[in-house]
Amino acid sequence: MEKTWRWFGKKDKITLDMLRQIGVEGIVTALHEVPNGEIWTEEAIRDLQRYIESFGLQWSVVESLPVSESIKYGGADRDELIEKYKISLANLGKCGVKTVCYNFMPVLDWARTELEYPNSDGTSNLYFNKAEFAYFDIRILKRADAETDYDAATLRRMAEEVVPRMDAESERRLVENIIVKTQGFVNGNISENDLDPVAKFRSLLDLYAGIDADGLRRNMAYFLRAIMPVCDEYGIDMCVHPDDPPMPILGLPRIVTCDADIEAFLDAVPNPHNGLTFCAGSLSAGAHNDVPALARKYASRTHFVHLRICNVLPNGDFKEASHLDERLIDVIRTFERERAGVPMRVDHAPLMLGDEKIGYNAGYSFHGRMLALGQVEGMMAVVRNELQKR
Ligand code: DNO
């Protein structure tokens, strides 16, 4: 696999010079300054590409070319937005940037409740506390009938453990973690400058009234069918990111959560350019997913790999864990064997050795990811050696 790294553009505190020194080969990035739904011009793409190349690196993957909400819920302007998306894709194709990651998650890209969950060794990780998430949904968003989406044990835990410790400040932090800090930097719907993120979030949820999983699936297939001719012309591989966490949340449908979902969207548009970002971390946040088996099954339709792993607790919480994990070794073995050149990046990693003081985007520390990359390189080396001996 190609060793890539998610870099957030020229303003990223982690420079391309630093990345070159730690053995990164390819860059994963986006035109983060272009608002969602606007065209990525060939000029802007080339400008960033030249900058990356001046460091001896290459722009390997776009993460993400965001899909506007209106395309997802099927709004009146969706065809117009799809046309713009096609122009951006063609411009990327003309520049030779041909792997494009996107997601089809309504409203919320990914969800965590805690961004600095302490580990016993002094580092910290991202964490999803189901009872705190229920509190956000039921008590802060006050979504109609939200209680019915949670099991009795989670509601009890919310009442006994979360409610007593919540005050205005901890509520503010929970909102910030769930809908601001994890979303703004991925071109999400809410940014740090929004004065009332909860109100904005409620109005976004309303856009999906009446859209169930089948409706969302139809809209995804409509989008994919419309863009495939451009992908065929320029050789662009689209790779959808699985839903994180892989389950419906906040009453919203989620359609890339499990084996059957993956099979369904691949079959709906059976073009090899319609593929998957194999995000082991997102898939492992659902206890229903056998991550190594999914890697084996979908390797041939995978165009991009995200390596990290979660441990799901019996109460439904999940915690991001060390990259040194048996399941990841298995996943690496599959991709090294079947898709040797596919771009791979380490995904979220712990905050460590002063990372916490710098203010990196949530999940995207420097020391933590550098350690994870070293661990992944080690696992890759052993696997390659194993394969050569066969
Ligand atoms: C979070 C990321 C996601 C991902 C998008 C892809 O850390 O994994 O934001 O980039 O869902 O479209």
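Residues numbered from 1 in each chain as written. Predicted model: local features only at pLDDT ≥ 70, side-chain atom pairs only at ≥ 80, totals over all residues. Heavy atoms only, no water.

### Considering the site of the ligand
Phase 1: Neighbouring the ligand are 13 residues; Glu63, Ser64, Asp109, His348 and Tyr364 lie closest to it.
Phase 2: Within the side chain of His241, an N or O atom sits 3.2 Å from an oxygen atom of the ligand.
Phase 3: With respect to the ligand, the side chain of His348 contributes an N or O atom lying 2.5 Å from an oxygen atom.
Phase 4: Within the complex, the protein chains bury 100% of what would otherwise be the 330 Å² of accessible surface of the ligand.
Phase 5: Sort the elements by how many residues they give to the shell around the ligand and strand 4 (residues 99-103) lands first, with three residues.
Phase 6: In terms of residue class, the shell around the ligand is made up of six nonpolar, four polar and three charged. (Near = heavy atom within 4 Å. Polar contact = N/O pair within 3.5 Å; in protein donor to acceptor, adjacent residues only side chain to side chain. Areas by Shrake-Rupley, 256 points an atom, 1.4 Å probe, with all protein chains shown as cover. Helix = DSSP H or I, 4+ residues; strand = E, 2+ residues; numbered from the N terminus. Nonpolar A, V, L, I, M, F, W, Y, C, P; charged D, E, K, R; others polar.)

### Some details on the domain arrangement of the protein chain
Phase 1: Partitioning the protein chain into domains gives domain 1 (2-110 + 211-389) and domain 2 (129-206).
Phase 2: Residue-level contacts link 22 residues of domain 1 with 23 residues of domain 2.
Phase 3: Both sides of the domain 1 and domain 2 interface together cover about 1,800 Å² of buried area, and 57% of this is carbon and sulfur.
Phase 4: Summed over the three residues of domain 1 that lose the most area to domain 2, namely Val107, Trp110 and Leu250, the buried surface amounts to 34% of that side.
Phase 5: At the junction of domain 1 with domain 2, the criterion picks out one salt bridge.
Phase 6: Across the domain 1-domain 2 interface, the total number found is seven residue pairs in polar contact (both at pLDDT 80 or more).
Phase 7: Considering only residue class, the side of domain 1 that touches domain 2 consists of twelve nonpolar, six polar and four charged. (Domains from an automatic or database assignment. Contact = heavy atoms within 4.5 Å. Buried area = accessible area lost by both parts, 1.4 Å probe. Salt bridge = Lys/Arg side-chain N within 4 Å of Asp/Glu carboxyl O.)

### Describing the environment of Ala381
Phase 1: Within the element layout of this structure, Ala381 appears in helix 14 (residues 367-389).
Phase 2: Between the C-alpha atoms of Ala381 and Glu147, which are 234 residues apart in sequence, the distance is 48 Å.

### With respect to the side chain of Arg143
Phase 1: One can find Arg143 in the loop between helix 5 (130-141) and helix 6 (152-162).
Phase 2: Setting aside anything within four residues of it in sequence, one finds Arg143 in contact with Asp137, Asp149, Leu205, Leu250 and Gly251.

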